[in-house]
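Chain by chain, the residues:
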Amino acid sequence: MPSVMAEENVTKPPIAEQRGRATRLGVYYRTARHTRWSQLLWRMRYSLERRRKLGPKSIWRWREHRAPRLRADFPSVPLVHTPERENSHSSEGLERGVFRFLNQTRELGQERPDWRLGSVGTDRLWTITLHYHAWAYDLARAATAGGTGSPAAAASFHHYLSDWMARCSLETPGARDLAWNAYAIATRLGWWIRAYRLLKESYFPIWNGFEQSFLSSLWEQAAYLRDHLEWDLRANHLLRDAVGLAWAGRLFQEDRAAEWLKTTTRLAIEQAVEQVLPDGGHFERSPMYHLHVMEDILSLVLLLEEEEAGARLREVWSVMAETLAWLRHPDGDLLLFNDGGLQGGDRVEHMLQLGSRIGVSAPTQARRGGRHFHHTGLVVWHGDPWTVFFDVGTVGPDYQPGHAHADTLSVECSYRGSRLIVDPGTYGYDNDDHRRYDRSTAAHNTVCLDGQDSSEVWHIFRVGRRAYPLDVEVNFTDSGMTATASHNGYDHLPGRPRHTRRLETDRDGRLILTDSITGRGRHLVQGGFLLSPEWTAQADAGGWILRNGVDAVRLTVRGPQELALSEERRPYHPEYGREFQTTRLSWRVYCRLPAEVQTFIEGA
């Protein structure tokens, strides 16, 4: 009774604020209801640990009181890519304290670098990439290259790693936010061990006491990682954790390291089976993360010692390789559904070629014809003149859709080998306007109703209400394809509107998209297509003529009498940290349902 009386005496907030709170509670519920209890419990454990602000006594359990012994049989693990290509920085720039990742350059200082510790509100992805330490491997390669800059690169390696170990230790306030993030540690272990193997004969012996400090830190990071596997996040993070632990397990000749390998072996097989769908797609439905997971599985095959585990992982990698061969545009690079960026066609090709390192003959030739990846939810057509990708799947695993966009029934396509309609891509992982735009339905090549997202994407990696595909039908012939799908992402709106898209390529070389919206009442229906920047648009009767300097196509839109067309400039993020302005061709109609809009794209 007293609590009820107390509530009655409290001044109630305005109605709008009450509704706002109710709305937020609804979003939280719709998000959390899909999360596994184990994820919540692990998140609570790690949160409590951080709040207790672990003291030196508890930290010692991750340290070794003597220099850990090393094994002599470390395997050769190939590079899928080099930090140099991805980060576009030089050893000379690093020597001046200039770091470049994700197309963004920051001057952190040379004497006392700003390691960006603590809770970082902006450039979070850039900061965590800094703590991957791929740049350390880049310096190690420069140090062993034999040129005039080798001594300076070696000195920079020694300086930065010494400074990082001293000022980013586990006891340092703010270090556990990102520097000791489990995914960062797992990635860093691989780069540190690669760098160590390059420099251990030439430079480590002349750096007094550095080798022992380096190996001790490496051990501490691996031990901490073992106790902080990302069971709260799961998905691709758990596989990367397994790879980091496998690197350390193969380096050290210690009983605990042998236990790490056993843990990694079990974890790798469990997660490969859970994450890789029967049709070979990765369950987060991101082509870029599909590629990253293939890299991790390949590394695990080479690092793990158990033959049965290696055989099972080879099978999984082989199925993923077949799928990867279908996920490329004619330019050789990946499509951009959900989170991710262009990887460079050479990197995709190189991944397929690396199958030979684990005894798998992977397909590298361009695919022709059609394929419906039922479990992944993707329809692919590679023909003449069209390459088409049609998203007819879920946004991701229910318990971890963090890399999802609200893009159900979106399309990407190339015309005569050139990308024409593109996904908006991903700029970064900050809670900002870039992130909201990249994940929104209105930014994708699909239909948006009443200004709402088809899946309730919010914050950086959260998804509340999800769109689920319905009534998927796909047919292929020698000359074309027809695919139809619906989704229930707008069932919560008044009148329960539902979007159905039919996509077809016909014998005349046309690409035809028919968008049908059923339901009741009047609704704002919007759609459109984001053009690759090399294409220009010129208004034409009922649509536009599109040109890229080589080819020309006509895009025509037909629909209700109230249909309005517009052309606008929109952001395009083909790589993290990079933005281009390009053209979006849009249509909109406010009408009573049902309604139908058809788009015809054909050679001009």
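Summary of the structure given here.

Conventions adopted
- Residues numbered from 1 in each chain as written.
- Predicted model: local features only at pLDDT ≥ 70, side-chain atom pairs only at ≥ 80, totals over all residues.
- Heavy atoms only, no water.
- Helix = DSSP H or I, 4+ residues; strand = E, 2+ residues; numbered from the N terminus.
- Rg over C-alpha atoms; globule rule 2.2 N^0.38 Å.
- Buried < 20%, exposed > 50% of the residue type's maximum accessible area, 1.4 Å probe, protein only.
- Pairing = 2+ DSSP bridges.
- Contact = heavy atoms within 4.5 Å.
- Phe/Tyr/Trp six-rings, centres within 6.5 Å; stacked < 30°, edge-to-face > 60°.
- Lys NZ or Arg CZ within 6 Å of the ring centre and 35° of its normal.
- Axes fitted to C-alpha atoms, helices over the stretch in contact; angles between N-to-C directions.
- Disulfide = S-S within 2.5 Å.
- Arc of directions from axis to C-beta.
- Parallel < 35°, antiparallel > 145°, perpendicular 65-115°, else oblique.
- Left-handed = near helix turned anticlockwise from the far one by under 90°.
- Nonpolar A, V, L, I, M, F, W, Y, C, P; charged D, E, K, R; others polar.
- Polar contact = N/O pair within 3.5 Å; in protein donor to acceptor, adjacent residues only side chain to side chain.

Right, let's talk about the overall build of the chain for a bit. The helix and strand tally for the chain stands at 17 helices and 21 strands. Over its C-alpha atoms the chain spans a radius of gyration of 26 Å, differing by no more than 12% from the 25 Å that the globule rule assigns to 604 residues. In terms of overall dimensions, the chain has a C-alpha envelope of 80 × 75 × 45 Å along the principal axes. Here the chain, with 604 residues, has 57% of them falling under the buried criterion.

Let us now look at the pairing of strand E15 (residues 522-530). By the criterion of burial, E15 is predominantly enclosed, with seven of the nine residues buried. Pairing of strand E8 (residues 447-449) with E15, which is carried by three bridges, proceeds in the antiparallel orientation. Bridging across to E15, Leu449 finds its partner in Val525. As paired elements, E15 and strand E20 (residues 578-592) share nine bridges and run antiparallel to each other. Paired with Val525 across the strands is Val589, a residue of E20.

Next up on the list: the environment of Gln452. Mapped onto the elements of the fold, Gln452 is located in the loop between E8 and strand E9 (457-458). If we ignore the near neighbours within four places in the chain, the residues touching Gln452 are Thr441, Tyr490 and Leu493.

All told, the structure shown has 35 aromatic pairs when counted by the stated rule. A ring pair is formed by Tyr132 and Tyr183, whose centres lie 6.0 Å apart and whose planes are at 55°; its orientation type is tilted. Of the two residues, Tyr132 is situated in the loop between helix H7 (124-130) and helix H8 (134-143) and Tyr183 in helix H10 (residues 182-199); the sequence distance between them amounts to 51 residues. Tyr183 carries the same exposure label as Tyr132, and that label is buried. Aromatic ring contacts, followed pair by pair, group Phe157, Trp164, Trp180, Trp192, Tyr196, Tyr203, Phe204, Trp207, Phe210, Phe214 and Tyr224 into a single cluster. In this arrangement the basic side chain of Arg36 is found over the ring face of Tyr399, its NZ or CZ atom lying 3.8 Å from the centre. One residue, Arg558, lies across the ring of Phe600, its end atom 4.5 Å from the ring centre.

A few words now on the environment of Ala143. Here Ala143 shows up in helix H8. Look at Ala143 and you get buried, because its relative accessible area is 4%. Counting along the chain gives ten residues from Ala143 to Ala153, while the straight-line C-alpha distance between them is 5.0 Å. In contact with Ala143, other than residues within four places in its own chain, are Ser150, Ala153, Ala154, Leu199 and Tyr203.

For the rest of this paragraph, the subject is the sheet that holds strand E3 (residues 369-373). The strand order across the open sheet formed by five strands is E3-E4-E5-E6-E7, and the pairing between neighbours is antiparallel. Of all the strands in the sheet, just E3 and strand E7 (418-421) have a single pairing partner and so form its edges. Taking each pair of neighbouring strands and ignoring which way they run, the sheet shows an average axis angle of 15°. Where strand E5 (residues 386-391) lies against strand E6 (residues 411-415), five bridges are found, and the strand directions are antiparallel. Directly across from Phe389, in E6, lies its bridge partner Glu412.

Across the sheet, four strands lie side by side as E8-E15-E20-E19; this open sheet has antiparallel pairing. Strands with a single pairing partner mark the edges of an open sheet, and in this sheet they are E8 and strand E19 (564-575). The average angle at which neighbouring strand axes cross in this sheet is 30°, direction not considered.

What follows is about the state of the cysteines. The term disulfide refers to a covalent linkage connecting the sulfur atoms of a pair of cysteines. For the structure shown, the criterion picks out zero disulfides. There is no disulfide at Cys591, and the cysteine sulfur nearest it, in Cys448, is 14 Å away.

Attention shifts here to helix H16 (residues 345-353). Residues of H16 that are buried: Arg347, Val348, Met351 and Leu352. Looking down the long axis of H16, one finds its buried residues gathered within 140° of arc, a one-sided arrangement.

For strand E17 (residues 543-547), the tally of buried residues reaches four of five residues, placing the bulk of the element in the interior. When strand E16 (residues 536-540) meets E17, the two strands line up antiparallel, connected through five bridges. Among the inter-strand pairings, Ala539 is bridged to a residue of E17, identified as Trp544. Taken together, E16 and the strand that follows it, E17, pair antiparallel across an intervening segment of two residues, in which Gly542 is found at a positive phi of about 75°. Strand direction decides the pairing type here: E17 and strand E18 (residues 552-558), joined by five bridges, are antiparallel.

Relative orientation and spacing of two packed helices are given, respectively, by the angle between their axes and the distance between those axes. Contact geometry for helix H11 (residues 210-226) and helix H13 (residues 255-275): axes closest at 11 Å, N-to-C directions at 45°. By the angle class used here, H11 and H13 are oblique. Between H11 and H13 lies a crossing of left-handed hand. Each of Trp219, Ala222, Ala223 and Arg226 in H11 lies in contact with H13, whose residues at this interface are Arg256, Ala257, Trp260 and Thr263.

Once that is clear, we can look at the packing of H13 against helix H15 (residues 307-326). Axis separation between H13 and H15 bottoms out at 10 Å; the angle between their running directions is 25°. With respect to their mutual orientation, H13 and H15 come out roughly parallel. You can see that H13 and H15 cross each other, and the crossing is left-handed. Here H13 contributes Thr265, Ala268, Ile269, Ala272 and Val273 to the contact with H15, which in turn contributes Ala309, Arg312, Leu313 and Val316. Counted by class, the contact of H13 with H15 contains seven nonpolar, one polar and one charged residues.

Turning to its location among the elements, Ser486 is positioned in strand E12 (residues 481-487). Separated by 2.5 Å, the side chains of Ser486 and Thr500 make a polar contact. Apart from residues lying up to four places away in sequence, Ser486 is in contact with Leu409, Tyr468, Pro469, Leu470, Arg498, His499 and Thr500.

Note the cis peptide between Asp384 and Pro385, where omega equals 10°. Along the chain, Pro385 turns up in the loop between strand E4 (378-382) and E5. At the junction of Leu593 and Pro594, the peptide bond is cis and its omega measures out at 5° in the coordinates. Looking at the secondary structure, you find Pro594 in the loop between E20 and strand E21 (595-603). One non-glycine residue, His133, adopts positive backbone phi at about 70°.

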